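# Residue-level structural notes
Single-letter residue listing:
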Amino acid sequence: MISRRIFLKNGAFAFVSLGFAPSFLARTALAADRGGRPKRLIAIFQRGAVDGLNVVVPFAEPEYYRARPSIAIPRPTDAENGAIDLDGFFGLNPRLQPLKPLWDARRLAIVHACGSPDSTRSHFDAQDYMETGTPGLKSTGDGWLNRYLQAKRDEAAAHEKNPFRAVALTQQLPRMLQGTAPDVAINQIGQFGVRAGQQSDEAAALFEAAYGSARDRVLNGTGRDAFDAMRILKTADPSKYQPANGADYPSTPFGQSLRQIAQLAKANVGLEIAFADVGGWDTHVNQGAAQGLLANRLDDFGRSLAALAIDLGDDLEDTVILTMSEFGRAVNENGNRGTDHGHGNAMLAIGGGVRGGRVYGRWPGLAIEQRYDGRDVAVTTDFRDVFAEVVVRHLGVADTRTIFPGYNVNTMKFVGLLGSTIG
């Protein structure tokens, strides 16, 4: 049994009022002792189709400025509003300045012209395809991250009953995590209870009593683990959590979600997969350039991501933060000074094991004849190649066939943004 003192010293939660060391924490600690520091993935979904061309700007592409006379991000020579030069061709949106130190430290990598082989421009379908990992197939019942949990579950029995192995900081469990492997969605970690705190204390007490009288010892143990988790999270007050290393999270819902992910990650409760999402990227009207609607969203996004990376500190060495969006935006701005639904997009990867300081993927160009359907950024990297690289080279699963069914492993092309963990 793990002593209370160990968790008071090493965890970010206060266990002194609990008077016990939950069994799933004991299993988690034993697994960590045997296998070294665990790897962690933080997946972030930008819902609404972010405009990758104005996030990672191809400022050396003349067609970019011809196609966007009023919303293009100025070249880096504009000291106030210009793109932040990364490599002489691409630049970050100036509102993502907080991420530049990660690029300079080679902990931030970008995959451009990335996306789905399916042609849909429906938000619902494209999000579903990205979250299930089966583009073009609507009948898939579970998400690719849940299938990862299923695939890895047999390799680590300690994961089986850990209620914190996979956590979404969302009101509902995202499609990506739905499936048979256990995971949980909690909007506020301090309000976690039966179904994320939706029931009353009386209902929770009755439910716990029912588990206590259960004859099935396995079910009884699982129930006790769940309520152990409840008690732990009820003692966690996010308002009292002090981020490390001077990290300063925005007070926005997204910023606070990442703050709570950091709190969970540093609490030594066996967090392996974390998920958060943020909306507001569907910029059909008055998108703006370095100022305006998109810029304001990117300001929150960049400051939140930077704070998370800073706060994680040494834990970033074993973490990959991966951002994604269902598709990009059309190359040309529309008549409302916005952008319509497109195809290829940009993904960001942050972490200690990321081979950063580089934009990955073959750039297709923006000339009319180089575009997808004559209007969009062409996809040259299948999003499953990026997901699979994270699963194999970071999370350590050698065989991805059950995680990405129907995708020929022989045709997968890792872009090279991660080193290998497979011997």
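Further up the page is the structure itself.
Residues numbered from 1 in each chain as written. Predicted model: local features only at pLDDT ≥ 70, side-chain atom pairs only at ≥ 80, totals over all residues. Heavy atoms only, no water.

## Re the overall build of the protein chain
Secondary structure assignment for the protein chain yields twelve helices and twelve strands. A buried classification covers 56% of the 423 residues belonging to the protein chain. Pairs at least 24 residues apart make up 72% of the contacts formed inside the protein chain by residues separated by at least 6 positions. Surface summary for the protein chain: the accessible area is close to 17,700 Å², and the carbon and sulfur share equals 48%. (Helix = DSSP H or I, 4+ residues; strand = E, 2+ residues; numbered from the N terminus. Buried < 20%, exposed > 50% of the residue type's maximum accessible area, 1.4 Å probe, protein only. Contact = heavy atoms within 4.5 Å. Areas by Shrake-Rupley, 256 points an atom, 1.4 Å probe, with all protein chains shown as cover.)

## Notes on the packing of aromatic side chains
When we look at a pair of aromatic rings, we describe it by the centre distance and by the angle of the planes. In total, this model carries nine aromatic pairs according to the counting rule given. Centroid distance Tyr 64 to Tyr 65: 4.9 Å. Interplanar angle 85 degrees. Geometry classified as edge-to-face. For Tyr 65, a relative accessible area of 18% gives the class buried. For the ring pair Trp 144 and Phe 387, a centre distance of 4.4 Å and an interplane angle of 15 degrees mean the geometry is stacked. Placement of Trp 144 in helix H7 (residues 144-153) and of Phe 387 in helix H12 (residues 383-394) is noted, with a sequence separation of 243 residues between them. Comparing Trp 144 with Phe 387 shows no difference in burial state: the two are buried. (Phe/Tyr/Trp six-rings, centres within 6.5 Å; stacked < 30°, edge-to-face > 60°.)

## Quick word on the pattern of salt bridges
With the rule as written, the count across this model stands at 22 salt bridges. Among the ionic pairs, Arg 371 bridges to Glu 63, the shortest N-O distance being 3.1 Å. Of this pair, Arg 371 sits in the loop between strand E11 (358-360) and strand E12 (381-382) while Glu 63 sits in helix H4 (residues 62-67), placing them 308 residues apart in sequence. Judged by its relative accessible area of 16%, Glu 63 falls in the buried class. (Salt bridge = Lys/Arg side-chain N within 4 Å of Asp/Glu carboxyl O.)

## Thoughts on the packing of helix H10 (residues 253-265) against helix H11 (residues 293-312)
Each pair of packed helices gets described by two things: the angle between the helix axes and the distance between those axes. For the pair H10 and H11, interaxial distance at closest approach is 9 Å and the crossing angle is 15 degrees. In terms of orientation, H10 and H11 fall into the roughly parallel class. Where H10 crosses over H11, the two elements pack in a sense that is right-handed. Only Asp 300, Phe 301, Ser 304, Leu 305, Leu 308, Asp 311 and Leu 312 of H11 make contact with H10, whose side of the interface consists of Phe 254, Gly 255, Leu 258, Ala 262 and Ala 265. Partitioning the contact of H10 with H11 into residue classes produces eight nonpolar, two polar and two charged. (Axes fitted to C-alpha atoms, helices over the stretch in contact; angles between N-to-C directions. Parallel < 35°, antiparallel > 145°, perpendicular 65-115°, else oblique. Left-handed = near helix turned anticlockwise from the far one by under 90°. Nonpolar A, V, L, I, M, F, W, Y, C, P; charged D, E, K, R; others polar.)

## Quick word on helix H6 (residues 123-132)
Of all ten residues that make up H6, eight are buried, and the element is covered over most of its length. Buried residues of H6: Asp 125, Ala 126, Gln 127, Asp 128, Tyr 129, Met 130, Glu 131 and Thr 132, and no others. Packing partners of the buried residues in H6 comprise strand E1 (40-46), H7, strand E8 (273-278), strand E9 (319-324) and H12. After H6 finishes, the residue Gly 133 shows a positive phi value of roughly 75 degrees.

## Comments concerning the pairing of E1
Most of E1 is tucked away: seven of the seven residues are buried. Burial along E1 is two-sided: the residues Arg 40, Ile 42, Ile 44 and Gln 46 and Leu 41, Ala 43 and Phe 45 are all buried. In the sheet, E1 pairs with E9 via six bridges, with the strands oriented parallel. Residue Phe 45 lies in a different strand from E9, and its bridge partner there is Met 324. Alignment of E1 against E8, held across six bridges, turns out to be parallel. Paired with Phe 45 across the strands is Asp 277, a residue of E8. (Pairing = 2+ DSSP bridges.)

## Let's talk about H11
Taking 1.5 Å per residue as the helical rise, H11 with its 20 residues ought to reach 28 Å, and the 29 Å between its terminal C-alpha atoms agrees with that figure. In terms of burial, H11 is largely enclosed, as 14 of its 20 residues are buried. (Expected span 1.5 Å × (residues − 1).)

## Structural notes on the sheet that holds strand E2 (residues 56-57)
If you trace the three strands from one edge of the open sheet to the other, you get E2-E4-E3, paired in antiparallel fashion. With one partner strand each, in any of the chains shown, E2 and strand E3 (84-85) form the two edges of the open sheet. Across two bridges, the pairing between E2 and strand E4 (residues 91-92) is antiparallel. Note that in E4 the partner of Val 57 across the bridge is Gly 91.

## Things to note about the pairing of strand E5 (residues 108-115)
Counting buried positions along E5 gives eight out of eight residues, so the element sits mostly inside the fold. Pairing analysis gives three bridges linking E5 to E11, with the strands arranged parallel. Bridge pairing in E11 places Ala 109 opposite Arg 358.

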